[in-house]
Amino acid sequence: MDVLSDVIALMRTGSPRSARVEWRAPWGRRFPSVPGSAGFQVVLRGSSWLIRPDGDPIPLSVGDVVFFPHGHGYAMADSPSTPLAEPDCDPLDDGPGLFASATVDGPADGPAATVLLCGGYRLDPGRTHPILRELPDLIHLPAGVGLHTELRAAVEALGAEIRRPRLGADTVVSSLLDLLLLYILRAWFEGEYGHCSVGGWAQALADPGISAALDAVHRDPAHPWTVQELGARAGLSRSAFSRRFGELIGRPPLAYLTWWRLATAAHLMRASDDPLAQIAAKVGYTSEFAFANAFKREYGVAPGRYRREICPA
């Protein structure tokens, strides 16, 4: 797996939720802060305004995508002057299904002025990858001819599936929601919204050498990587690679390798019934004892206790 795919697999937990909502003017609704989540809104038809608690309102048009990586609160409305109603549902609430379709506010027989596709993802704060912590509170991806074609295709497919669900809809919607998240992050990191304006992880993913080293670690965390070997993957000397990696990632190469191995182990304990010795071997530890010591230093509990208490069956 590549780095971005790994990040999504590591952070996601539970089932994502989504809804296609037809808003009849006048309308305005608050979406409260939901810690341990990420949410999105996509304008499928009409126009709307994003109302932020600490910034100017942002006009949105058809095809615009807004993403909230840290679950911060916001509001949506047909106009900045429209009164805002309190929320009447939680997009992450464990309801009867993964998705819903509804028409709200305004006259019942009036035209649907705006159609929004909204949703949310549950995240495990104990396994958050640092790449996500560097994202801004709000990512706005404006629509544009030729921009983010895969993202647009996923949005259209998701909106159509929710509007007219057919056989296998649960699987299709769940897969499309994961694709949507991947395409949103890809658009951010590959576009002018990413490495051209910020450093850190965004710049690391745009750096061919550092990206190659990260990809090697993520594809084979069990390999006994050395700084010299990873530097060769990056096409840099040992010292130049170590310095460059530390500047962008925020920790030395082998420290990141250890962190990733243990984060992967925690994910495996949550997602499988594999014995601890087998998990230890999968992430590069030659003995269960060495793995247990390293895991306890990072997570504060032994692997067995983590599996029993943090990851209940």
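Up top is the structure these notes are about.
For every chain, the first residue of the written sequence is number 1, and numbering continues from 1 onward in sequence order. Reporting in this predicted model follows two pLDDT cut-offs: at least 70 for local features of residues, and 80 or more for side-chain atom pairs to be given and counted; totals over whole chains, interfaces and linings ignore these cut-offs and use all residues. Excluded from the side-chain calculations are hydrogens and water; all other atoms, namely the structure's heavy atoms, are used.

Topic: the packing of aromatic side chains
- Pairing of aromatic side chains here covers Phe, Tyr and the six-membered ring of Trp, requires ring centres within 6.5 Å, and sorts the geometry by plane angle: under 30 degrees stacked, over 60 edge-to-face, intermediate tilted. The full count for this structure, using the stated rule, is 14 aromatic pairs.
- Measuring from centroid to centroid gives 5.5 Å for W201 and Y256, while their planes differ by 55 degrees, and the two rings are tilted. Note that W201 is positioned in helix α5 (residues 200-206) and Y256 in helix α9 (residues 253-271), a separation of 55 residues in sequence.
- Note on exposure labels: buried denotes an accessible area under 20% of the residue type's maximum, exposed denotes more than 50%, and partly exposed covers the range between, all computed with a 1.4 Å probe on protein chains only. Look at W201 and you get buried, because its relative accessible area is 1%. Strands here are runs of E lasting at least two residues and helices are runs of H or I lasting at least four, both read from the DSSP assignment and numbered beginning at the N terminus.

Quick notes on the pattern of salt bridges
- Here, a salt bridge means any side-chain nitrogen of Lys or Arg that lies within 4 Å of a carboxyl oxygen of Asp or Glu. Tallied over the full model, the rule gives seven salt bridges.
- A salt bridge links E22 to R20, with the shortest nitrogen-to-oxygen separation between them at 3.1 Å. Considered together, E22 and R20 belong to a single accessibility category, that of buried residues.
- Across the pair R305 and E309 runs a salt bridge, and its minimum N-O distance is 3.1 Å. Here R305 pairs with E309, and both are found in helix α12 (residues 303-310), just four residues apart, close to one helical turn.
- A relative accessible area of 42% means that R305 is categorised as partly exposed.

So, the pairing of strand β6 (residues 65-68)
- A two-sided burial pattern is seen for β6, the buried positions comprising V65 and F67 on one face and V66 and F68 on the other.
- Here the rule is simple: two strands pair whenever DSSP picks up at least two bridges between them. Here three bridges tie β6 to strand β10 (residues 139-141), and the two strands are oriented antiparallel to one another. Bridge pairing in β10 links V65 to L141.

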